[in-house]
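Here is how the chains run, residue by residue.
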Amino acid sequence: MKKLIGFSLKNRAAIIIMVFIISVLGVYSTTKLPVEFLPSVDNPMITVTTIAQGMDAETTGEMITEPIENSLKQLANVEQMVSSTSEGLSRIDIFFNNEADLKESNQEVERIVNQLALPQEAMKPFVVLLNTSMIPIAQIGVQTDEGMTLEDEKVIEEKILPQMEDVEGVSSVSLYGQSSTELLIEVDPAKLEEKQLTAMQVMMALQGKSISVPSGQLNVDGSSTAVRVVGEIEDVSQIESIMLAQNVKLGDVAEVSVNQYYEALTRLNGADGLAFIVTKETSANAVNVGKELDKKLDELAKEYPEYNINMLFSTAAEVESAVYGMAREVGIGAIAATFVILLFLRNIRTTLIAIISIPLSILITMFLLKQSGVSLNILTLGGLAVAVGRLVDDSIVVMENIYRRLQHEKLSKELVIESTREVGMAITASTLTTIAVFLPVGFVSGSLGDFVVPMILAVVYSIMASLLVALTVVPMLSFMLLKKVKQKEEKPALRYMKVLQWSLSHKFIVLAASFVIFVASIGAYFMIPQSNVESEVESAVSVNLTFPKDMDPDLARENAYLFEKELLKEEKADQVLLRMGMAQEDAEFGQVTQSNVAAFFVMFEKGKDVDAFIEETKEKALTFDAVEVDAMKNSFGGFGGSGIQIDVTAANEEDLVATADMVLKELKEIDGLDKVKSNYEELQSEWKVEVKQSEAEKAGLTAQQIGEQVKVALAKTPMGEVTVAGERLPASIKYNHEGLDTKEELLSLKLASQVAGVVELKDVATVMEQKIKTQIFHKDGEETIQVSADTVGEDVRKIGLDVDTMIKSLDLPDGAKVKLAGVTESMQETFMDLFKMMGIAILLVYLIMVITFGEARAPFAILFSLPLAVVGGVIGLIVTGTSLDMNALIGALMLIGIVTTNAIVLLERVIQNKQRELQTREALLEAGATRLRPIVMTAVTTIAAMMPLVFSHASASSLVSKSLAVVVIGGLTVSTALTLIVVPVVYELLDGFGKKTKKKRRWFGRKNKDKNPIEISGN
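Residues numbered from 1 in each chain as written. Predicted model: local features only at pLDDT ≥ 70, side-chain atom pairs only at ≥ 80, totals over all residues. Heavy atoms only, no water.

(A) Local environment of the packing of aromatic side chains. Taken as a whole and judged by the stated rule, the model has three aromatic pairs. Between Y304 and Y307 the ring centres are 6.4 Å apart and the planes differ by 45°, which places this aromatic pair in the tilted class. With a centroid separation of 5.2 Å and an interplanar angle of 70°, the aromatic rings of F563 and F600 are classed as edge-to-face. Linking F563 in helix 20 (residues 553-568) with F600 in strand 19 (residues 597-604), this pair joins segments that are 37 residues apart in sequence. Like F600, F563 is buried. (Phe/Tyr/Trp six-rings, centres within 6.5 Å; stacked < 30°, edge-to-face > 60°. Helix = DSSP H or I, 4+ residues; strand = E, 2+ residues; numbered from the N terminus. Buried < 20%, exposed > 50% of the residue type's maximum accessible area, 1.4 Å probe, protein only.)

Take a look at the structure:
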């Protein structure tokens, strides 16, 4: 260490050049760091989504969900598998533990799923591993004044979309709201009956009309020539001319058309349109990409004036506001720290020397973050905001020690080296203990651990840089700038000396009072409400209207349009996007909603009272026949969410439903919960066609043939692809079953038989009504009903305890199980992980201090400063009315490193004094008087630097915000005041106990020496 300090003084020019190089590299790295709201983190969940239009929930479950679930059981490192099946939709969420390689697991899931033979109606399953970088950074709307045509869609897809994809930093652009084109054959049942034909005969007549088949090779003129049989249809009239029977053409019994239809509805501000969903590359700067997109939109508006291309929503402004808002708070914190140092030192030169560590440490940190592949996000900047007060601590201790000695000695290289060396061990130990505190946080399980790693790196890099600056740049600048500075002798802290003298003489009073305060704070801790951390966009709201499952789709759409008009009337409503139905584009992001859900995205101008709008919307939406309304602010992300979930399983269906109803009823009685509901839905009526096997055999029909013909008559049935006018189109046959709404009419349905000709369905089958499920939920392959509720009370812990008590009091049927899940379970796991990390951090801190001091006694005394920090943290939360959340616990973890720093600086001086042959009491009093000012200075600068976080705007930095700052400020304030008293008291007590033990050992040793040895003699 002495050599390092001496090098910096001897090679001042080299140090100045190095500082310049570091500054340039830091500034360059800052401009090149990708800017985003959150770091790129894989969600430890893979989603498999399958769409099967027209298939009921039970059939979807049996033919799609269950086969996929069974095949995925072979996966390794699976923590839990949850599936949800509804009409035409299967979704399976696979949750992995921390040992899983998510990229490899995703490939394995794709391989397994692609090997399965699923029904023809099912689309290829979409396997999605979500990542925070997949959060869209922009939504762009495209409309025309005359409405979208197929030609417009073609231009948008082939001309405009590629230009959007070419924007620098853009990873992908998805186009939502496109129509699909098909060849539709709509059969008229009355005409079919008149011609004595069936829908199946129509279908069979169309097979093989459009083909392209390789048919072998011929040797022509000595060379091999391939032969291909091609059958193409020129236009719709050619299809209408296909003969079904003698003198009966297809056009006589059906209407043939090239039909444009929409899988899902997309509307922008009350009119049809298309929407681009844009995601950025992981390494790209979100703000820069947003600005480049704005430029591209201006260019496209000039190039394609016939289209209205508008930015519906861009996260660039929100990211810029959040990230640069946090950067502003780092700057304000640094300025606050500067004024505090100036107030204490009352000298501009010494203040500048002390604060040089802040910009230098930040620039070094930026360079190291760039080399580590970490982005500039709300967490890295949050780490800097948290550490900015700590960055100047080491420099303050060095500068203050040099400044103090200059009051009695002349400035020289030797004085600077010796002054820095005196405190060098203390600041090194305090830096290592702070690093030791933060490193275990990186081992917190789950995505939370991945999220906090960037913050840990920012803190560790910055405080390591601050130590380097304190041991090199600060001594050099002190020697260069303090030569002509007149030093004023500081007055001794007589009041503190008297308090310390009294405390050392009344140890047990001090310790007893501290113990009582500590116990009282632990009791108060359990009274503090707990909450979760989220970050919301104040001007963006999502509203989901769920209509009854049996509501006519056209009526549901009409109600959605009416509600859309109400939203457009809202004051300051800037953009309103409506999505309804299941589409392939949604499945690519694992975000498919059921077809009876209308999803609205509303963007407001600044200044809108969004909370009031949400409450009004929930009331208003129910008048549009919606059975459920969800309205919430759009969230960038958070930890935990805001709901309670309870999983119910049972030995049979009856007990399952009864237990879920019991839980639902009890949950509604608990205060702090809203929107209590179950995912169990009332059974839906189904007509079951039961084949009469003997009659069917006589008619020459099998159950499968009957099923296929009934399906053709009732649902639009795909028939493969047909080439029409050179364009490959999917073909479907649809039976116009208008009026087919009674059992009698269904039983009169005509079926084709090669044996009996045309027979009616009633001749070979019966129809009976039964009830079927509309939604099926599985957890680890077992059917489960999930009861959920939103937490509207602030104290999530109390609500969780009430729910837990309720669960334990239930009188459950045999085989039934009720388990708490959701936010409460995840929050408890997170809090437990952080408490474990605190325990590990304390052990690491103690180990480092034992190695540093070369003894166990002084470090043990230092540990007594930790309970005092707990007292201050709890008081801070109570006084400010702040809830306990993950941030608060990270703040408590930080305190372990910050608080021990003060105690290390104090006791390191005590040990130096004892090495100079001072008695313990004298050593403590002298160390207290000498180290009082640097300890108070470092504490006050840290507090001042963190004050901006206390008053920061929630949406800008709520992932690293008020609760963390409150805990650190409260803990540091109380522990600093008490550390200066309690730690010396404990140290003297331990020192006295050690001396007594040594005296006893010496006394016993002398006593044994004085005794004569026993002689044994024999004859």
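(B) Expanded view of the packing of helix 3 (residues 57-72) against helix 4 (residues 102-114). Running from N to C, helix 3 and helix 4 point in directions that differ by 130°, and their axes come no closer than 10 Å. The pairing of helix 3 with helix 4 is recorded here as oblique in orientation. With respect to the hand of their crossing, helix 3 and helix 4 are arranged in right-handed fashion. Residues I68, S71 and L72 of helix 3 pack against V109, I112 and V113 of helix 4. Grouping the amino acids of the contact of helix 3 with helix 4 by side-chain chemistry returns five nonpolar, one polar and no charged. (Axes fitted to C-alpha atoms, helices over the stretch in contact; angles between N-to-C directions. Parallel < 35°, antiparallel > 145°, perpendicular 65-115°, else oblique. Left-handed = near helix turned anticlockwise from the far one by under 90°. Contact = heavy atoms within 4.5 Å. Nonpolar A, V, L, I, M, F, W, Y, C, P; charged D, E, K, R; others polar.)

(C) Local environment of helix 32 (residues 886-915). The terminal C-alpha atoms of helix 32 lie 44 Å apart, and with 30 residues this matches the ideal 44 Å at 1.5 Å per residue to within 8%. The sharpest bend along helix 32 reaches about 30° and sits at L895. One or two residues past the end of helix 32 sits E917, with phi positive at roughly 75°. (Expected span 1.5 Å × (residues − 1). Bend = angle between axes of the 7 residues up to and from the residue.)

(D) Fine view of the pattern of salt bridges. Counted according to the given criterion, the structure contains 22 salt bridges. Taking the shortest distance from any N to any O, the salt bridge between E108 and R111 comes out at 2.6 Å. Of the two residues, E108 and R111 are both situated in helix 4; the distance of three residues between them amounts to about one turn of the helix. A salt bridge links E908 to R931; the nearest nitrogen and oxygen atoms lie 3.6 Å apart. (Salt bridge = Lys/Arg side-chain N within 4 Å of Asp/Glu carboxyl O.)

(E) Structural context of the packing of helix 15 (residues 393-406) against helix 33 (residues 920-950). Direction vectors running N to C along helix 15 and helix 33 enclose 150°, while the axes themselves pass 10 Å from each other. Looking at the two axes, helix 15 sits roughly antiparallel to helix 33. Where helix 15 crosses over helix 33, the handedness of that crossing is right-handed. Along its contact with helix 15, which presents D393, I396, V397, E400, N401, Y403 and R404, the element helix 33 presents T930, R931, R933, P934, M937, T938, T941 and T942.

(F) Molecular detail of the pairing of strand 3 (residues 89-96). Counting buried positions along strand 3 yields six of eight residues, so the element is predominantly enclosed. In this structure, strand 2 (residues 78-86) lies alongside strand 3, joined through eight bridges in antiparallel fashion. Note on strand 3: the bridge partner recorded for S83 is I92. Taking the residues that link successive antiparallel strands as the turn, the strand 2-strand 3 hairpin has two residues, and the phi of G88 there is positive, at about 75°. (Pairing = 2+ DSSP bridges.)

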